[in-house]
Structures are given as C-alpha cells and as structure tokens.
Amino acid sequence: MTPSGNNNLNGKTAGQPTTLYGIGASPGITVGKILVLRRHTRKAGWYHLAPENIDNEVNRFMLAIDQAEQELVHLRSHLAEDLSDALSIIDSHVLMVRDRMIVDRTVEIINNRNINAEWALAKSLGRIKKKFNDIEDPYIRERYSDVKHVADRVFGILSGREGDPFADVDDQVIVVAYDFSPEDALRLRSENVLGFVAEKGGVTSHTAIVARSLGIPAVLGVEQITRKCATGDTMMLDGHSGKVFLNPVPDQILQYQEYSRQYKAFSDDIGFYIHLSSETMDGFRVRLAANIETLDELQTVQQFGAEGIGLFRSEFDYFHRQKAPDEELFFQAYKTLISTLAPLPVTIRTLDVGGDKFVEHLPTNGLRLDLERNPALGLRSIRYSLKEPDLFIMQLRAMLRASVYGNLRILFPMISSLDELERVKQLVNSVKDQLRDEGIPLDPGVEMGIMIEVPSAVMMADSLAQGVDYFSIGTNDMIQYSLAIDRGNEHVAHMYDPLNPAVIRMVKKTIDAGHARGIEVSVCGEMAGDVMTVPVLLGLGADELSMRPSALPFVKRLLRKSCTSKLSDLGEKILRCEDGAEVRAYLNSYLPKNYPEEFNRP
Ligand code: PEP
Ligand code: MG
C-alpha cells in the first residue's frame, strides 16, 4: 500500500459534504484529514519453470513462509499482554502461515505444474476461498479474510515488497484503504492515527476485533471509499453507528464534537460498572452472565465482571478440532471452565450442530447434515444428540465428571416436546448411574435446563417447566422459528425482527410459565445484550440475561438506571402493541426519555 495524492479522486464527492454508511466496527468519533493508502494489486504473474529449478522454487517459497512467520512472531512479541484479543488473533495467524492448506498445497502445485510460487499460492488460495464460500455460518465464512491476510504477507515477501505503507503516517490522519489486516490495524496504533476506514471487513472480522481492543475508532465495509475520497480531504467518522462524513460542514462537526465528549465521558465511566452489583435502582437483582464459545474467552468473562456463564456453546469446541474429540479432552476443558469460575454458575449447552453449524468429523451414519433439504428443521441440535447417543453420552459423562469442580448447569438446546425432554432425562440418569457404578464422583445437584426456542416449547412451557430446573430463552432461534425467517437468509433478513409482538409475547409466555412453576428464566439470544431490547426483557420479567462479555458493563449500567415499576409499565405497554413498528416507535420515544445518556444520539 502507498499513500495516494488528490489525483485519484474521481471528483464525485470533491468538496461536497457526503455521508457514507458502513459497519461501526470500533466505537469512537473522530475528525481529521484523510490519508488514502492504495494497495498496488500484486498480479501473481505466471511463469513456467525448468525441471531443474523446481527445488529452488519450493525453497524460495519455504523461505518466504519462514520470514512471514518470523515477522508475525516479532510483531506478537511487541504486544502488551493486556491486548489479549489481538494476541490470540496474531497467534492464530502464526499457526495459519504453516497450515497444510496453504503450504502443502502450494508446494504440490509448484511440483506438479512446474510453475512459480506466487502463481501456485494464488491457486491454493482460490481453492481455500471456494471452500469458505460454501460455509453457511457467516462468522466462520468470514475467517477466510484471515487466511487471505496471511497469504498476502507471503505474497509480499515473494514478490519483493513495497516500502512500509505506514511510514508516511506522520501527521494526525484518518487512514483509508481497501482492506486492513489485523496486523495492519496493530501497526496503526500510533498517536498519529485517529481512526481508519476500509471497504472490506465486518463487525466480527479480526481487524474489527483488534481495532476495538486498541480503542481506535473504525468503520469497515464502506463501499468504494477509496475512490470517493482523496488524501487531504476532511473526514468525520462515527465508529459506533458506522457513519462516515466526507467534507463535513462546521455544524455537523460541532454537533459530533459534543456527542464525542459525551461518548468519552460515557466510555470512561463504563469500567466503573464492572465491579458494581447488577441491580435496579430499587434493589431488584438480575444476574448478568456471559455467552462464550471457547475457553480463550474466559479472561474476558472475568474482565467484564460476568456473574457466571449463561451459555457455553460447546459445539465450537468441535469446530477447531481435526477429529472427533474424546471424553478426556472434553472433561479437561469443562473442568477448567467450571473450576476457574467457581462458585459462579457455568451453563454448558450440549451440542447444537446442524442448522447452519456443520462439523465435518462428527458421526452422522452416512447422513450429510449440510445436504439436508431444510437443515434448520432437520436433524439439528438435541435431535442430532439423541440420534447419536454414544457421542451424547460421551459429552454428558465429561460434563458430569467435571461437575464436582464448581457450579455446573447443563443446558439442552432446541427441545420441542415433553417426550424429547423425557428421553434426554432418561439418558442423563443412565449416565449418572454408570458413573456411580464406576465409582466416579459427580455433583448430584447439577441443574438441568432447556432452551426455549421453538414455538411448540413455548406453547408447552408450563408442562416442560415441571421437568427442569430452569429455562433459557434462545431468542435468535425463537425469532427464526416463530416468524419463519431463516436466520442466515439475506433475502428475508429485513423481516427478522426481535421487536415483532409475536416474539415479545412468546418471551412473556415462557417467563410466566417458568415463574408459575418456580423456576428461573434466563434469556441468552442476542436480544439480551442489545441495549435497545434489554429494558423490554427486564420489563417482561427475565431473571438472567446472558450476552457477549463486552456488552456486560453497558447492560449493567442500564439496569442500574432502571426501576422495576417503570420496567413493568414498559413491559405491559409493549405487550399491547400490535406490530414491530409500533413497538419500535414506542421505544424510540421511551428510551431517550428514561436513559438520556445512552439514547440521545445525533
Ligand atoms: C439462540 O438461539 O438464541 C441461541 C442463544 O442459540 P444459538 O444462537 O447458538 O442458536
Ligand atoms: Mg439457538
């Protein structure tokens, strides 16, 4: 990448105030001059090699791999330990640079086709991209960008790199480029970089995660931004809303500077909430817990003051492994999780594969879960576990063995009938008996709960409540199944509405059914970490909200500014609304009035 001058501007927005929209990837507001970095597209030229040069070419490629690895290790060694998110991303890149998909395949292509390393690398990357494109889960699909960033580094080394693109960042600027790798984002950590904007990337990209951990405001996914502005233009960016203002007028800047001041006071203050108790102004306690997918997130759970884990999505442990894991591996993982947080509760959900989550090496008796005609309604989740009892029993054994190390709660996903719950409970009881017979200790009081995320479970909630210790409402799926909107289908994404009264009423029915039978009701879907929907869930009577760890202080702050009588009024009012727009309109007026610091935004 090199800085570009004004001559690259196509003139469309020259001098004109223009607002562009991207994805708010890292919060914060900043105004400054732009520096556009253009990455010269490195065309991977093709050339044929004489047979006697093949070994040299493989050698040249392997040396480039070595150098890329050394650069990443060097970069990592200069990172402060408190940047844990950034550290684990760089660690994963260090591992990736030697991944078989990149190295072995490229060497194979050089050898078999007698072609140069750059071209061979481009070929293997194309193949990897194709594989990622076929993955339905958007989070995993997006991980292709990491492979690409690592391969780009190797490309740069092979084809003789341009000078340091960031060397020219000597004035305070907002840096604009087509794409930034997580390592680029780390290198932008200087006082001179006010923020950055890119055409590529999404909120879950690792570049966004690094930007957040460094506290650099960033907006990603702004179409054609490198063409719409030029070095030296003025830009204001709001890394929260994802808005980018080119050539903003003085009034806009003033308004945003005031908002920025408020936001800074708000963010400085947020850390203070981590150690306060989770209760409303009138002393009503609601447990705020964390949703995590891997053990690496344990540190963040503690850092953000979670009162336990409300959802451990255990299937992610399978994604990372090359083969089906064994009981011992799971036992060790669960033991670490449970003992680290003891005496806080740790809710481990049994496998929720199928739907949009496929794991290659799981047994399926010949059935390809990814080829199911309608996977969300197919052999997903608890249905899969009941069909593959050996695997299910292995997971239950690992959990129950780990139960003696703290406060385990087991959670069963996607239960849709009493009969299904009965079959699950019978299996649990037989596993308990098995362990006792083997003389293996377990906690006899482990709580068993179910996720309520299917309409039939909502309708049967009062009966189901008699057989379990708690409910956990999975609003992500409850929305999908109640509104008949595939969570991953972009054509109907606009209809996926958490504020649809059908969803709100289902949540209420579930909470009431649980309370009538004296059990706790938690909410662990995305709604539980969204400050717009949190007051609604509280108003409907949720006992626990479980969310991504970084949302915890914001939700706690909201909770501590709430009082129960007002929340119940809000709940009642919302339950009377008849469509999503009406709910939204009500909240748009209610929230800024009751939580002015959080919701009075320009
Ligand atoms: C949910 O459905 O709301 C939930 C928390 O589970 P998942 O997102 O893993 O399906
Ligand atoms: Mg779910």
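One structure accompanies this document, and this report is about it.

Thresholds, definitions, all that
Residues numbered from 1 in each chain as written. Chains lettered and ligands numbered in written order. Predicted model: local features only at pLDDT ≥ 70, side-chain atom pairs only at ≥ 80, totals over all residues. Heavy atoms only, no water. Helix = DSSP H or I, 4+ residues; strand = E, 2+ residues; numbered from the N terminus. Buried < 20%, exposed > 50% of the residue type's maximum accessible area, 1.4 Å probe, protein only. Contact = heavy atoms within 4.5 Å. Areas by Shrake-Rupley, 256 points an atom, 1.4 Å probe, with all protein chains shown as cover. Pairing = 2+ DSSP bridges. Axes fitted to C-alpha atoms, helices over the stretch in contact; angles between N-to-C directions. Donors = N, O, S within 2.8 Å, 3.2 Å for Na, K, Ca; no water. Patch = residues over 30% accessible without salt bridge, like charges linked within 9 Å, V, L, I, M, F, W, Y side chains within 5 Å. Salt bridge = Lys/Arg side-chain N within 4 Å of Asp/Glu carboxyl O.

**Some details on the overall build of the protein**
If you tally the helices and strands in the protein, you get 25 helices and 17 strands. Across the 602 residues in the protein, those meeting the buried criterion constitute 52%. Here the contacts in the protein between residues at least 6 apart in sequence split such that 70% fall between residues at least 24 apart. Split by element, the accessible area of the protein, about 26,600 Å² in all, is 51% carbon and sulfur.

**Side note on the sheet that holds strand β12 (residues 345–349)**
Taken in spatial order, the 8 strands line up as β10-β11-β12-β13-β14-β15-β16-β17 and close into a barrel, and their pairing is parallel. Across the sheet, the mean angle separating the axes of adjacent strands is 25° when strand polarity is ignored. For strand β13 (residues 407–412) and strand β14 (residues 447–452), the ladder comprises 4 bridges, and the chain directions are parallel. Bridge pairing in β14 links Arg409 to Glu447. Contacts between helix α22 (residues 552–560) and the sheet are confined to β10 (287–292) and β17 (544–547), with β10 contributing the most and set at about 160° to the helix.

**Some thoughts on the coordination of the magnesium ion (ligand 2)**
Here the magnesium ion (ligand 2) is held by Glu453 (OE) and Asp477 (OD), and the distances to it run 2.0 to 2.3 Å. Residue Glu453 is located in the loop between β14 and α17 (455–459), and its partner Asp477 is located in helix α19 (residues 475–483); the two are separated by 24 residues in the primary sequence. For the pair shown, Glu453 and Asp477 are each scored as buried.

**Digging into unusual backbone geometry**
Following Ala342, the chain continues into Pro343 via a peptide bond in cis, with omega recorded as 5°. Look at Asn247: it is not a glycine, yet its phi comes out positive at around 45°. Looking at where Asn247 falls in the secondary structure, it is placed in the loop between β9 (243–246) and α10 (250–273).

**Here we look at a nonpolar patch on the surface**
Taken together, Leu418, Met459 and Met460 make up a surface patch of nonpolar side chains, about 270 Å² in accessible area. Along the chain, Met460 falls in the loop between α17 and α18 (461–464). Judged by relative accessible area, Met460 falls into the partly exposed class, the value being 35%.

Any functional reading would require information beyond the geometric quantities listed.
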